[in-house]
Amino acid sequence: MRLNPKVEQGLVKAALQVMTAVTVFILIFIIVFILRKGIPVLDLSFLTRNPVDMGRGGGIFSTIIGTLVLTFVAVLIAAPFGVGTAIFLTEYTWENRVTRIIRFGADCLAGIPSIIFGLFGFILFVMKLGFGWSVLSGGLTLAFMILPTIIRTSEEAIKSVPATYRQVSFSLGSTRWQMVTRVVLPAALPGIVTGIILSIGRSIGETAAVIFTAGSALHLPTSIFSSSRTMAVHFYILAREGISMSNAYGTAAILVISVLIINLLTYYLMEKFIRKYS
Amino acid sequence: MTTAIRVKGFSHFFGSAQTLKGIDLDVLKNEILGVIGPAGSGKSTFLGALNRMNDLIRKSRTEGVIEIEGKNIYDPDVNVAELRRKLGMVFATPVPLPRSIFENVVFGTRLSGSRDRARLAEIVEDCLQRTSLWEEVKDRLDTSALKLSGGQQQRLCIARVLALRPDFILLDEPCSGLDPISTAKIEDSLRLLKRDYTIILVTNNTKQAARVADRTAFFLSGELIEVGPTDKIFTAPDDRRTDDYLRGRFG
Amino acid sequence: MNKLERDERLVRLALLAVSFSAVSVLTVITAFIFTEGVPIMFKYGFKSFLAGMNWYPSEKSFGLLPMIAGSLMVTLGALVIGVPLGLSCAVFLTEFSSKRLRRTIKPAIELLAGIPSVVYGFMGVVLLVPFIRRTFGGPGFSVLAGSIILGIMILPTIISITIDSLLAVPPAYREGSIALGATRWQTTKMVLFPAARSGIVASIILGIGRAVGETMAVIMVAGNAVAVPGSLLSPVRTLTSNIALEMGYASGEHRQALFATGVILFVIIMVLNTIANMTSSRKKV
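This part takes up the overall build of chain C. On a plain count of helices and strands, chain C comes out with 11 helices and 2 strands. The linear arrangement of helices and strands in chain C, starting from the amino end, is α-α-β-β-α-α-α-α-α-α-α-α-α.

What follows deals with the nonpolar core. Ranked by size, the top nonpolar core spans 245 residues in total, and within it Leu147(A), Leu201(B) and Val221(C) carry the most contacts. Per-element accounting of this core gives the leading share, 15 residues, to helix α6 (residues 143–168) of chain C. Apart from the residues within four sequence positions on either side, Leu201(B) is in contact with Ile32(B), Leu33(B), Gly34(B), Val35(B), Leu171(B), Leu190(B), Val212(B) and Ala213(B).

What follows concerns the packing of helix α3 (residues 61–91) of chain A against helix α8 (residues 176–205) of chain A. All names here are of chain A. At a closest axis distance of 9 Å, the pairing of α3 and α8 adopts a crossing angle of 140 degrees. By the angle between their directions, the pair α3 and α8 is classed as oblique. With respect to the hand of their crossing, α3 and α8 are arranged in right-handed fashion. Between α3 and α8, the residues in contact are Thr67, Leu70, Thr71, Ala74, Val75, Ala79, Val83, Ile87 and Glu91 and Arg176, Val180, Val184, Ile192, Ile196, Ser199, Ile200, Ser203 and Ile204, respectively. Within the contact of α3 with α8, the residues separate by chemical class into 12 nonpolar, 4 polar and 2 charged.

What follows concerns the interface of chain C and chain A. Taken together, the contact pairs 64 residues of chain C with 68 residues of chain A. Broken down by element, the residue count for the side of chain C that touches chain A peaks at 19 residues, all from helix α1 (residues 3–44) of chain C. Residues of the side of chain C that touches chain A, tallied by class, amount to 44 nonpolar, 14 polar and 6 charged.

Okay, the sheet that holds strand β5 (residues 71–72) of chain B next. Residues and elements named next belong to chain B. Taken in spatial order, the 4 strands of this open sheet run β2-β1-β4-β5, and their pairing is antiparallel. On the outer flanks of this sheet lie β2 (17–28) and β5, each paired with one strand and no other. Judged from the 8 bridges that link them, strand β1 (residues 3–14) and β2 form a sheet pairing that is antiparallel. Its bridge partner being in β2, Phe10 is matched across the sheet by Ile23. The sheet strands contacting helix α1 (residues 43–50) are β1, β2 and β4 (60–68), and the helix crosses β2 at an angle near 65 degrees.

With that settled, consider the environment of Leu220(A). Note on placement: Leu220(A) falls in the loop between α9 (208–211) and α10 (231–240). Through-space distance from the C-alpha of Leu220(A) to that of Ser62(A) is 5.0 Å; in sequence the pair is 158 residues apart.

Bringing the sheet that holds strand β10 (residues 223–229) of chain B into the picture now. Whenever strands of a sheet pair, they do so through backbone hydrogen bonds, lying parallel or antiparallel. Residues and elements named next belong to chain B. Strand order across the open sheet formed by 6 strands is β6-β7-β8-β3-β9-β10, with mixed pairing between neighbours. With one partner strand each, in any of the chains shown, β6 (87–90) and β10 form the two edges of the open sheet. Each strand of the sheet is rotated relative to its neighbour by a mean of 15 degrees, with strand direction disregarded. As judged from the 4 bridges shared by strand β3 (residues 32–36) and strand β9 (residues 215–220), these two strands associate in the parallel manner. Pairing of Ile36 across the sheet is with Phe218, part of β9. Taken strand by strand, helix α6 (residues 150–162) contacts β6 and β7 (168–172), and its axis lies near 170 degrees from that of β6.

Looking at chain B as a whole, the pLDDT averages 92, with 100% of positions reaching at least 70. Confidence, expressed as mean pLDDT per element, reaches its minimum in chain B at helix α10 (residues 240–246) of chain B with 90 and its maximum at β7(B) with 96.

Once that is clear, we can look at unusual backbone geometry. For Glu173(B), which is not a glycine, the phi torsion comes out positive at approximately 45 degrees. According to the C-beta neighbour criterion, Glu173(B) is buried, with 20 such atoms within 10 Å. The backbone of Asn224(C) sits at a positive phi, close to 60 degrees, despite the residue not being glycine. Within the secondary structure, Asn224(C) is located in the loop between α9 (216–221) and α10 (239–247). Judged by the 19 C-beta atoms lying within 10 Å of it, Asn224(C) falls in the partly exposed class.

In this section: the domain arrangement of chain C. All names here are of chain C. Taken domain by domain, chain C comprises domain 1 (3–51) and domain 2 (65–281). The distance between the C-alpha centroids of domain 1 and domain 2 comes to 28 Å. With 11 residues of domain 1 in contact, the opposing surface of domain 2 contributes 10 residues. No other element matches the 8 residues that α1 contributes to the side of domain 1 that touches domain 2. For the side of domain 1 that touches domain 2, the per-class residue count stands at 9 nonpolar, 1 polar and 1 charged.

Each value, and the rule that gives it
Residues numbered from 1 in each chain as written. Chains lettered and ligands numbered in written order. Predicted model: local features only at pLDDT ≥ 70, side-chain atom pairs only at ≥ 80, totals over all residues. Helix = DSSP H or I, 4+ residues; strand = E, 2+ residues; numbered from the N terminus. Core = buried A, V, L, I, M, F, W, Y, C linked by C-beta atoms within 7 Å. Buried ≥ 20, exposed ≤ 12 C-beta atoms within 10 Å, placed from the backbone. Contact = placed C-beta atoms within 7 Å. Axes fitted to C-alpha atoms, helices over the stretch in contact; angles between N-to-C directions. Parallel < 35°, antiparallel > 145°, perpendicular 65-115°, else oblique. Left-handed = near helix turned anticlockwise from the far one by under 90°. Nonpolar A, V, L, I, M, F, W, Y, C, P; charged D, E, K, R; others polar. Pairing = 2+ DSSP bridges. pLDDT = per-residue confidence, 0-100. Domains from an automatic or database assignment.

Below, the structure is given as structure tokens:
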């Protein structure tokens, strides 16, 4: 059947519009649904009290702390290595076999599914190194997961710092390291921070890797060797064991709101960063 | 007049391409040496060889000697960072760093560890005075340097170099993007600055060299064709090629 | 060499060491997964591992075929849903809509990518599974449910990368085609798709990778029965779910068998990633 091209285009365009509308609708639906059912559950006591009776009652305070602590440890470990790698690749070397190996390592790491990280973290940190289910095990595992993201975004941020800045710094008698710390990093900071915020977003929602390394203890973590439950893990357990639907919705709402805030933050930072250099 | 820089048989290569061919040139103390020549003649490379900025480019290689204060600056035990503080460089496009005016001027000074705010403030005022920028910005030293006009930014860059207390000032086509008034201001500053500094000015504007330089060197295709008092170069050059260039027959 | 050069060289060495962190971690992970998982594959026979129909850990029976079939079916289903929707969306946003519309919707899609997988799974359990049960019968926890949820989850990957690939096609191609009298759709069909093909294929392969590696959402909606699914409505267990469900209480050879499942998964992902890298680097101009 040979259609007039204009007619064909009209039909296709309509079909594409429908598909796009469906996709956008799905997104909006998910967010609205979770928020509608979850926000009513969110009150001050929900956010500030610990779970009671395995989560049937009380709030999610300890899981919020657990999430924050775990994410903090992960970023603390991954950021220096990630930014350091990015600095090395852009400022201290030309493209050669070494850089290709480094990039290959980072790319592969980025593609590994979270359950494998969970397996690995379990066997190495929890068992072999004896850290047990702990913030340390979870933090280390998460750090490995977010490392490629930090490398990639830091590298892009550093690369977009104008070459003339480097030239000027050298011509005024700086060492390379002084140039990196006093000129390049401050200029690339918004981009680097964006990457870290993105990684934080990923860590907040991560479940498979965390549940096998940080465990699911409901108490507040007292040290990095304490086991701790994150919001995502708590949500999973609530939903799967059918413990409390309303608390599950509440936790889900917090998770979704966190993602929204993080995305808005990164979007805003990126706009600011781009505007600075154009 | 004493010799401040002695260039002896100096050649420079980028990979296999030779950009400077056996340059023999003396730079005299407290003079303004103009360096003229068509694009690609090696003028900027020559400047970059003096403060070893060329070292930063991949596959850069040199032969020959450049002596400053009797020492070859290409000796392996020369501290390159110190060298660059002695020979301050100003680029064709003004590059203010994304900082305040004050912080821009003291950037180089801070690199060597100076932190006394009072001392730094003195340095800032002194250097901005010398570049005729002080009156224009003294009330807004803490505002961003990026907000200055092109001419002001370039004078800021010169002030930034002066803050290092260099012996030499190297300028690579500093007025190429600037309006005539800013250009005039910078040329006036240079005339005053030569009392305390030795200045090498690369320019593709021969009239600027005629206005400002005591002696002028003419480069062509990586070779130093001729160097001498500016008056002589412009009225009765020894070499035919110099004459052709100045008359606009090429370049 | 003077002090300045020596200091610079030290800094460089330190940074070089730091840079090998990613590679080292990758190596260590690979080493661990393989050392824990490979021995048992040899002990029970490679073929029976991959093709065995029975997974009864307590009876030392470790056949992964139901899970391999499960992963395969669910991933295929995800592609059936995700690829047409994703490509349509990408094409619409780049060729048939205003730049402003694209600038609003693209971030929204990236938002979709940020939603935790457990939330997707939850939506599946609360809305999709009962719907399937009511409309089509069966337990609701099914290949269909898994495919739909996974299909939605891989949309952002396919859309973003396809948009980037289409935008990377030189404008001259578009302009030339329109100048010859083609409509936008004809241009897209005959000029842009072939030009952006490697990027589009890469996006799909990365989408496959994401679907194969997804765990939490699938556990929540797919039913987790250890049996080769007979129909779209049958419950199914994937390789990832297998690991996640039993790891908590497995020990000894059972645990090793789960690591072996991890090895299989790892190899599949690595192969997919390498193919994706190769197709996107062999860019056709």
